[in-house]
Amino acid sequence: MIKVKPFDIPKREIWEAFKKVRANQGAAGVDGQSITAFEVRLGDNLYKLWNRLSSGSYLPSPVRRVNIPKASGGTRPLGIPTVADRVAQEVVRRHLEPRVEPLFHVDSYGYRPGRSAIDAVRTARRRCWRADFVLDVDIKGFFDSIDHDLLLKALRRHTDCAWVLLYVERWLKAPVLREDGGVEPRHAGTPQGGVISPLLANIFLHYGFDMWMMRLHPTVPFERYADDIICHCRSRADADALKAALEERFLACGLTVHPQKTKIVYCKDTNRKEEHQEIAFDFLGYTFRPRLAAWPNGKFGVSFLPGASERALRDIRHDVRQWGLQRRSDKALDDLARMFNAHIRGWINYFGHFYRSALVPTLRRIDLHLVKWAQRKLKRFRQRPRDARAWLSRAARTTPELFAHWRLLHGNSRTLGAV
């Protein structure tokens, strides 16, 4: 007699979930098992996982905590589930996302199909032209503070699937293995790094913020990317009132508005003459601030615009230094292009959307490192940095497609020495 499983989870769902996890790669969890190692006995591992999920006996392993440095200082804790747990979470994510995605707010952009951070920045730019003030909201330790009971209550509004609710609750309560080897229980939060965490965070803030704004502040536009939130207000008084109301709202949801990082910003430009202390804010790697720009009538003026933030540019410069280009004299120029073009192209594709000139000086640093590479690689340039710059400049003009940033830097016959 065939024993019927209490939960009907198709085997095909396990396979599809694994393919997504494999494509995303990621580090090993507490068991030390990589995706490659998991694949050695792939059939057995996936069958075992399906059997446990379908029978209700699945229990997640502790989450491995890794502290990564934050650009603003300090560290951010990431929770790394095991490969099997990531596959299980992807199964649940595939079940939940089609049910909640159509209900999410139009101005929620984070971790949603067909939406991107650039969409959020573009919308924010347009609205900063229309409203004088921005409330830049920072939620203190959001992912570590999510109230489990409130999250499960919100989740039940979208599904009554017993195995989904069961396993989400088990993931929320799974203990954390610290880097020092200690294990600690978790009573709140959903760890950044989990497959299911972004969707759960969106569900929580859908009710905790988005729907609350629609009910009580329907005339205030906002953009939200996960827990990064900016709201557009007509006046300073409106921004002050919204800030106070949000502090109360988030407190009721078990969250805390960061008192130092949450601020009210005046979107200063040529036509806005008031004086305010805060005239800039960061959002998704861009700094919004007054910048000189060409206007449609052909004149120049100051507009409130996004450009790559100094923090983002500092991270790029750090990455370029870590490449150690000048020490790679065993490589040819086209070898270096193949090795690093994906990184360069990614920076241009993201930070080149708005006020691209803010990115140019940092990209020029790559060429300065290439000049040092040429001096080590080619004996005739050892004591002749000017000749090395001229040689690289000719290479950029004759083969502008070699490095991803060369068309941007040298498209108008710019030289390496130009700023």
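Look above for the structure.
Predicted, not measured: the structure shown is a model, and the values here were computed from it.

(A) Just helix H1 (residues 11–24), in detail. In this model, H1 (14 residues) spans 21 Å end to end at C-alpha, consistent with the 20 Å of a helix rising 1.5 Å per residue. All of the buried residues along H1 are Ile14, Glu16, Ala17, Phe18 and Val21. On the buried face of H1, the contacting elements are helix H2 (35–40), helix H3 (42–55) and helix H4 (83–100). Looking one or two places after H1, you find glutamine 25, whose phi comes out positive at around 55 degrees.

(B) Structural view of the pattern of salt bridges. Within the structure shown, the criterion is met by 26 salt bridges. Between glutamate 247 and lysine 243 there is a salt bridge, with its nearest N and O atoms 3.0 Å apart. Placement of the pair is glutamate 247 and lysine 243 together in helix H10 (residues 236–252), with a separation of four residues, close to one helical turn. Given the relative accessible area of 23%, lysine 243 is considered partly exposed. Lysine 263 is the partner of glutamate 278 in a salt bridge, and the nearest nitrogen-oxygen pair spans 3.7 Å. On the criterion of sequence distance, the pair formed by glutamate 278 in the loop between strand S8 (263–266) and strand S9 (281–283) and lysine 263 in strand S8 is long-range, its members being 15 residues apart. Judged by relative accessible area, glutamate 278 falls into the partly exposed class, the value being 30%. Here lysine 263 falls in the partly exposed class, since its relative accessible area comes to 23%. Each of Arg65, Arg178, Asp180 and Glu184 takes part in one network of salt bridges that share partners.

(C) Region of interest: the packing of H1 against H4. Look at H1 against H4: their axes get within 8 Å of each other, and the N-to-C directions meet at 110 degrees. Here H1 lies roughly perpendicular to H4, going by the angle between them. The hand of the H1/H4 crossing is right-handed. Along the contact surface, H1 presents Glu13, Ile14, Glu16, Ala17, Phe18, Lys20 and Val21, while H4 presents Arg86, Val87, Glu90, Val91, Arg93 and Arg94. The class makeup of the residues in the contact of H1 with H4 is six nonpolar, no polar and seven charged.

(D) Representation of the pairing of strand S6 (residues 222–225). Taking every second residue as pointing to the same face, both faces of S6 are buried, with Phe222 and Arg224 on one and Glu223 and Tyr225 on the other. Where S6 and strand S7 (residues 228–233) come together, four bridges link them in antiparallel fashion. Counted as the bridge partner of tyrosine 225 is aspartate 228 from S7. Adjacent in sequence and paired antiparallel, S6 and S7 are bridged by two residues, among which alanine 226 carries a positive phi angle near 55 degrees.

(E) Representation of the sheet that holds strand S2 (residues 75–80) in the model. Taken together, four strands build an open sheet; the order of strands is S2-S1-S4-S5 and the sheet is mixed. Each having just a single partner strand, S2 and strand S5 (183–184) make up the two edges of the open sheet. Bridge analysis of strand S4 (residues 176–177) against S5 gives two bridges, and the strand direction is antiparallel. Each residue of the ladder has a partner; that of valine 176, found in S5, is glutamate 184.

(F) Quick look at a nonpolar patch on the surface. A cluster of nonpolar side chains, contributed by Leu292, Phe300 and Val302, occupies part of the molecular surface with about 310 Å² of accessible area. Overall, valine 302 belongs to the partly exposed group, its relative accessible area being 31%.

(G) Representation of the side chain of arginine 291 within the structure. Topologically, arginine 291 is positioned in strand S10 (residues 286–294). Despite its burial, arginine 291 pairs with no opposite charge, the nearest such side chain being aspartate 282 at 7.3 Å. Within polar-contact distance, the side chain of arginine 291 engages the backbone oxygen of threonine 287 at 2.8 Å. In terms of polar contacts, arginine 291 uses its side chain to reach the backbone carbonyl oxygen of leucine 305, at 3.0 Å. Among residues more than four places away in sequence, those in contact with arginine 291 are Gly301, Val302, Ser303, Leu305, Pro306, Gly307, Tyr355 and Ala358.

(H) Spatial organisation of the sheet that holds S6. In spatial order, the strands read S6-S7-S3-S8; together these four strands make up an open sheet with antiparallel pairing. Two strands close off the open sheet at either side, each with one partner strand: S6 and S8. With direction set aside, neighbouring strand axes in the sheet form an average angle of 20 degrees. Its contacts with the sheet place helix H5 (residues 117–130) against strand S3 (133–138), S6 and S7, and it is angled at close to 160 degrees to S6. Against the sheet, helix H9 (residues 197–216) engages S6 and S7, with an angle of about 175 degrees to S6.

Quick notes on the rules
- Residues numbered from 1 in each chain as written.
- Predicted model: local features only at pLDDT ≥ 70, side-chain atom pairs only at ≥ 80, totals over all residues.
- Heavy atoms only, no water.
- Helix = DSSP H or I, 4+ residues; strand = E, 2+ residues; numbered from the N terminus.
- Expected span 1.5 Å × (residues − 1).
- Buried < 20%, exposed > 50% of the residue type's maximum accessible area, 1.4 Å probe, protein only.
- Contact = heavy atoms within 4.5 Å.
- Salt bridge = Lys/Arg side-chain N within 4 Å of Asp/Glu carboxyl O.
- Axes fitted to C-alpha atoms, helices over the stretch in contact; angles between N-to-C directions.
- Parallel < 35°, antiparallel > 145°, perpendicular 65-115°, else oblique.
- Left-handed = near helix turned anticlockwise from the far one by under 90°.
- Nonpolar A, V, L, I, M, F, W, Y, C, P; charged D, E, K, R; others polar.
- Pairing = 2+ DSSP bridges.
- Patch = residues over 30% accessible without salt bridge, like charges linked within 9 Å, V, L, I, M, F, W, Y side chains within 5 Å.
- Areas by Shrake-Rupley, 256 points an atom, 1.4 Å probe, with all protein chains shown as cover.
- Lys, Arg positive; Asp, Glu negative; His and termini not counted.
- Polar contact = N/O pair within 3.5 Å; in protein donor to acceptor, adjacent residues only side chain to side chain.

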